[in-house]
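So you can see what is in the structure, the chains are spelled out below.
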Protein chains: 2
Amino acid sequence: MPRKPAEQAGKAGREARTTIRDVATRAGVSVATVSRVLAGNYPTAPATRTKVLRAVKDLDYVVNVHARALAGVSQKTVAILTREVITPFYAHIIQGVEQQAAQEGRLCLVCTTGADPDRELAYVKMMREQGADAVITVGGVQETPEYRKQLAHYAQALDSAGSRLVLCGRPGLGPDVPALVVHYDNEGGAYSATSHVLSAGHERVMFLGGAPGFTTSDPRVRGYERAMADRGLKPLLYLGAFGIHFGYATIKRLLQQGPLPCTGIVASDDGCAAGAVKALREAGLRVPDDVSIVGYDDVPMAAHMWPPLTTVHIPAEELGRTAVRMALQAQRGMPERETILGTHVVVRDSVARRVA
Amino acid sequence: MPRKPAEQAGKAGREARTTIRDVATRAGVSVATVSRVLAGNYPTAPATRTKVLRAVKDLDYVVNVHARALAGVSQKTVAILTREVITPFYAHIIQGVEQQAAQEGRLCLVCTTGADPDRELAYVKMMREQGADAVITVGGVQETPEYRKQLAHYAQALDSAGSRLVLCGRPGLGPDVPALVVHYDNEGGAYSATSHVLSAGHERVMFLGGAPGFTTSDPRVRGYERAMADRGLKPLLYLGAFGIHFGYATIKRLLQQGPLPCTGIVASDDGCAAGAVKALREAGLRVPDDVSIVGYDDVPMAAHMWPPLTTVHIPAEELGRTAVRMALQAQRGMPERETILGTHVVVRDSVARRVA
DNA sequence: TCTCCCCCAGTAACCGTTTACAGAAACTGG
DNA sequence: CCAGTTTCTGTAAACGGTTACTGGGGGAGA
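Residues numbered from 1 in each chain as written. Chains lettered and ligands numbered in written order. Predicted model: local features only at pLDDT ≥ 70, side-chain atom pairs only at ≥ 80, totals over all residues. Heavy atoms only, no water.

1. A short note on the side chain of S350 of chain A
All names here are of chain A. For clarity, the threshold we go by: Each helix corresponds to a stretch of at least 4 residues labelled H or I by DSSP, and each strand to a stretch of at least 2 residues labelled E; elements are numbered beginning at the N terminus. Polar contacts, as used here, are pairs of N or O atoms within 3.5 Å; protein pairs need one atom able to donate a hydrogen and one able to accept it. Residues neighboring in sequence count only if both atoms are side-chain atoms. Contacts: residue pairs with any heavy atoms within 4.5 Å of one another.
Residue placement: S350 occurs in the segment after β12 (344-346). Among the polar contacts listed, one links the side chain of S350 to the backbone nitrogen of T310, at a separation of 2.9 Å. Here S350 is in contact with V287, P288, V291, S292, I293, P307, P308, L309 and T310, once residues within four sequence places are set aside.

2. Some points on the nonpolar core
Selection rule: Residues grouped as a nonpolar core are buried Ala, Val, Leu, Ile, Met, Phe, Trp, Tyr and Cys residues, joined through side-chain atoms within 4.5 Å. The buried label applies to any residue whose accessible area, calculated with a 1.4 Å probe on protein chains only, is under 20% of its type's maximum; exposed applies above 50%, and partly exposed to all values in between.
The biggest cluster of nonpolar side chains holds 92 residues, and the ones touching the most others in it are I93 and L319 of chain A together with I93 and L319 of chain B. Leaving out residues up to four positions away in the same chain, I93 of chain A has contacts with I80, V138, C168, A316, L319 and G320 of chain A. In this structure, F246, I265, I293 and A302 of chain B belong to the second largest nonpolar core, which totals 51 residues.

3. Concerning the pairing of strand β8 (residues 264-267) of chain B
On any regular strand, side chains alternate: one points to one face of the sheet, the next to the other face. All names here are of chain B. Our working rule: At least two DSSP bridges between two strands are required for those strands to pair. Seen with its strands pointing away from the viewer, a crossover is right-handed if its path from the first strand over the helix to the second goes clockwise.
Here β8 shows a buried face lined by G264 and V266 and a second buried face lined by I265 and A267. With four bridges joining them, strand β6 (residues 205-208) and β8 adopt parallel strand pairing. What sits directly across from F207, in β8, is V266. Here β8 pairs with strand β9 (residues 292-294) via three bridges, running parallel. When the sheet's bridge partners are listed, V266 is paired in β9 with V294. The parallel pair β8 and β9, bridged by helix α11 (residues 270-282), forms a crossover whose chirality is right-handed.

4. Describing the relation of the copies chain A and chain B
Here is the rule: Here the copies are matched by least squares. The fit uses the C-alpha atoms of residues with pLDDT of at least 70 in both.
When chain A is fitted to chain B, the residual RMSD is 0.2 Å, and the transformation amounts to a turn of 180° plus an axial shift of 0.0 Å. The superposition operator between the copies reduces to a two-fold rotation axis. Of all interface residues in chain A, 96% are interface residues in chain B too; the two copies therefore contact each other through one and the same surface.

5. Description of unusual backbone geometry
The residue after V287 of chain A, namely P288 of chain A, is reached through a cis peptide bond having omega 5°. One non-glycine residue with positive phi stands out, namely D60 of chain A, at about 55°. With respect to the helices and strands, D60 of chain A occurs in the loop between α3 (46-59) and α4 (65-70). Look at D298 of chain B: it is not a glycine, yet its phi comes out positive at around 55°. Within the secondary structure, D298 of chain B sits in the loop between β9 and β10 (311-313).

6. A look at the pairing of strand β4 (residues 164-168) of chain A
Residue and element names in this part refer to chain A. The element β4 is extensively covered by neighbouring structure, given that five of its five residues are classed as buried. Residues R164, V166 and C168 of β4 are buried on one face, and the alternating residues L165 and L167, pointing to the opposite face, are buried as well. Direction of pairing for strand β3 (residues 134-138) relative to β4: parallel, over a ladder of five bridges. Looking across to β4, one finds that T137 is bridged to L167. Here four bridges tie β4 to strand β5 (residues 179-184), and the two strands are oriented parallel to one another. If you follow L165 over to β5, its bridge partner there is A179.

7. So, the pattern of salt bridges
All names here are of chain A. Formally: Salt bridge, as used here, is a side-chain nitrogen of Lys or Arg placed within 4 Å of a carboxyl oxygen of Asp or Glu.
Using the criterion set out here, one finds 32 salt bridges over all chains in the structure. Salt-bridge contacts for R54 lead to D58; the nearest nitrogen and oxygen are separated by 3.5 Å. Highlighted residues: R54 and D58, both in helix α3, separated by four residues, approximately one helical turn. When its relative accessible area of 55% is taken as the criterion, R54 is described as exposed. Given the relative accessible area of 34%, D58 is considered partly exposed. Each of the salt bridges in this network shares a partner with another, and the network as a whole consists of R26, R54 and D58.

8. Here's the deal with the sheet that holds β8 of chain B
Residues and elements named next belong to chain B. Going by this rule: Only the stretch in contact is used when a helix axis is fitted, and all axes are lines through C-alpha atoms; the angle between N-to-C directions ranges over 0 to 180 degrees.
Pairing is parallel in the open sheet, where four strands are placed in the order β7-β6-β8-β9. The open sheet has two free edges, formed respectively by β7 (237-238) and β9, since each of these has just one partner strand. The strands touched by α11 within the sheet are β6, β8 and β9, with β9 carrying the most contacts at an inclination of about 160°.

9. What to know about the environment of E336 of chain A
All names here are of chain A. Its location among the elements puts E336 in the loop between α12 (316-331) and β11 (338-341). With 156 residues separating them in the primary sequence, E336 and L180 have C-alpha atoms 7.8 Å apart. Residues in contact with E336, not counting those within four places in the same chain, are L180 and M326.

As C-alpha cells, this is what we get:
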C-alpha cells in the first residue's frame with residue numbers, strides 16, 4: 001500500500017479536512033446525493049435535502065475547490081499583471097478588472113511585475129498552470145525581440161487552452177499573435193494636448209518626461225511632435241522618466257542654467273507636471289501666467305492641485321472592464337480583436353493665452 | 001462505465017489538455033519519474049532528466065495546479081478583501097500585501113466589497129473554499145452584531161483549517177476570536193494633528209468629514225475630541241462622509257451661511273481636506289493665512305497640492321506587508337496576536353500660527 | 001566470481017469531487 | 001393487483017497529479 005492510512009494522529013498533525021464523505025455518512029446518504037443537493041441542479045427529495053443540509057451545517061463543511069475543479073467544474077479566475085498598484089492609472093485599471101470579473105463570477109488575481117519583462121513572463125506561465133481564463137497584462141515594459149517571441153508563444157498556448165491573453169493599455173504584438181488588445185489613443189491625446197497649448201498662442205513648447213522605449217511614452221512623444229510639425233514648429237524634448245521627481249528635478253536644473261527655453265510644457269504625465277509646477281513656483285514663476293502646462297492621465301488630484309491641471313483623460317477603469325469583457329466574449333466565440341478607447345483633454349486652469 | 005472515454009472528438013470539443021501521462025509516454029518513462037524530475041527534489045539520472053525535459057518542452061506541458069493541490073502540494077494564496085482599490089490608502093495596502101505575498105511565494109487575490117458586510121462575508125466564505133492561507137480584510141464596514149458573529153465564526157473555521165483571518169486597519173473582534181489584527185494608531189494620529197493646530201494658537205478648530213459608525217472614522221473623532229478637551233475647548237463636529245466632495249460641499253455651504261465658525265480644520269482625510277481648501281479658495285480665503293488645515297492619510301498628492309498639506313501619515317503599505325507576514329508567522333506557530341503601527345503628522349505648509 | 005548495497009525507476013493508492021449509468025422505490029393508469 | 005413510468009439514490013470511474021514502497025541493475029568489496 002503506497003500511502004500510510006493517515007493514522008498518525010499526532011498532536012502536530014492537523015486533523016483532516018471534513019470531506020463530502022463525512023457529510024454523506026452523517027446524513028446517511030451517498031456522496032453523490034450530497035454533491036447533487038449542494039449543486040442544486042438535480043431533483044432531490046425534500047427530506048433528503050434537509051438531512052444533507054443539516055449535516056453540512058453541523059460539520060461546517062466546505063467544498064474543496066481543487067477537487068471540484070479536477071472533476072470538471074472550476075472556479076474561474078482572471079489575472080491582471082501590472083507594474084505596480086499604487087499609481088492611480090494602474091489602480092483604476094485593477095479596479096475595472098476586478099469589478100467586471102466579479103460581475104462575471106470570476107475571482108481576480110493581481111500580480112505586480114515591477115516592469116520586469118522576465119517576471120511578467122514568469123507570471124503568464126504561472127497563470128497558464130492556474131487555468132486563469134483571462135490574463136491581462138497592463139502597461140509598458142521594455143520589449144526585446146525575445147520577450148515578444150515568448151509572449152506570442154504564451155498567447156498561443158493560452159488560446160488553445162481556452163484562455164486569452166489581453167494586452168491592456170499597450171499596443172498589439174502583430175496580427176499573427178492571438179492576443180487581444182485594449183488600448184487608448186495615446187498619440188491622439190498628446191496631439192490634442194499639444195494643440196491645446198499651441199492654439200493658446202504658444203510657440204516654444206517643450207515635451208517633458210517619459211521613458212524612451214516604453215510603449216506608453218513613445219506615442220505621446222510622437223503626438224507632440226506631430227502637432228508641432230503641423231504648425232512648422234521645432235520640437236523641444238526633455239525625456240528621461242515619468243513621475244514627480246523627474247519633472248521637478250529637470251525644471252529646477254533648467255531654471256538654474258538660465259531662463260526657461262519655452263512658455264508651454266506638455267508633460268508625459270500628471271506627476272511630472274506636478275513636479276514641474278512645484279519647481280516653477282519655487283523659482284517665482286506663475287502657472288499659467290508665466291508658463292502654461294498640460295499633464296497626462298487625469299489623475300484624481302489633478303483637479304485639486306493649484307492651479308487645477310489641464311490634462312488628458314484616460315478611461316482607465318473602462319480599460320480594465322473592457323479587457324475582461326473582451327476576453328470572456330472571445331471565449332464565447334466573439335472575435336473582437338482590438339478596441340481603442342478614446343482620450344480627451346479636460347480643460348482646467350493651467351494653460352493661459354500667451355501674451356506677446 | 002460512468003464516464004464516456006472522451007472520444008467525441010467533435011470539432012467543437014476542445015482537445016484534452018496534455019497531461020503528465022503524455023509526457024511520460026513520449027519520454028519513455030513512468031509518470032512518477034516525470035513528476036520527480038519536475039519537482040527536482042529527488043535523485044534522477046541525468047539522461048532521464050534530459051529526456052523528460054525534452055518531452056515537456058516538445059509537448060508544451062504545464063502542470064495542473066488543481067490536481068497537484070489535490071495530491072498534497074498546493075500553490076498557496078493570500079486574499080485581500082477591500083472596499084475598493086483606487087483610493088490611495090487601499091491601493092498602498094494592496095501593494096504591500098501583494099509584494100509580501102509574492103516574496104513568500106504566494107499569489108494574491110483581490111476582492112472588492114464596496115463596504116458591504118454581506119459581500120465581505122461571502123468572500124470570506126469563498127476564500128475558505130479556495131484554501132487561501134491568509135484572508136485579509138481591510139478598512140471599516142458598518143459592524144452589526146450579526147456581522148461580528150459571522151466573522152468570528154469564519155475566523156474560527158479558517159484557523160482550524162490552518163489559515164488566518166487578518167483584520168487590517170481596523171480594530172479587533174475581541175480576545176476569544178482567533179483573528180489577527182494589524183492596526184495603526186488612528187486616535188493618536190488625530191490627537192497629534194489636532195494638537196499641532198492647537199499649538200499654533202488656534203482655539204476654534206473644527207473636525208470635518210468622516211462617516212459615523214465606521215471604524216476608521218470614530219477613533220479620529222475621539223482623538224480630536226480628546227485633544228480639544230485637554231485644552232478645555234469645545235469640539236465642533238461636521239461629520240458626514242469621507243472624500244473630496246463632502247469637504248468641498250460642506251465648507252461651501254458653511255461659507256454661504258456666514259463666516260466660517262473656526263480658524264482651523266482637522267479633516268477626516270486628505271481628500272476631504274483638499275475639497276475644503278478648494279471651497280476656501282473659491283471664497284477668497286487663503287490657506288494657511290486665513291484658515292489652517294490638516295489632513296489625514298498622507299496621500300501622495302498631499303505633498304504637491306497648494307499649499308503642501310500638513311497631514312497624518314499612515315504606513316499603509318507596511319500595514320499590508322505586516323498583515324501577510326503575521327498570518328504566515330502564525331501558521332508557523334508564532335502567536336503574535338496584534339500589532340499597532342505608529343502614525344505621525346508630517347508638517348508641511350497648511351498650518352500657520354494664528355495671528356490674534 | 002559472488003554478495004551486498006546503492007541508486008533510480010516503476011507501480012499503484014490516494015487526494016475530494018462530479019456525474020454517467022443502473023437500480024430501487026413510489027406512483028400511475030388500466 | 002400488475003405493468004409501466006417517473007423520481008430519486010447509489011455505485012464507481014475519472015479528473016491529473018504525488019509519493020510510499022518495491023524491484024531491478026550495476027558497481028564495489030571480498
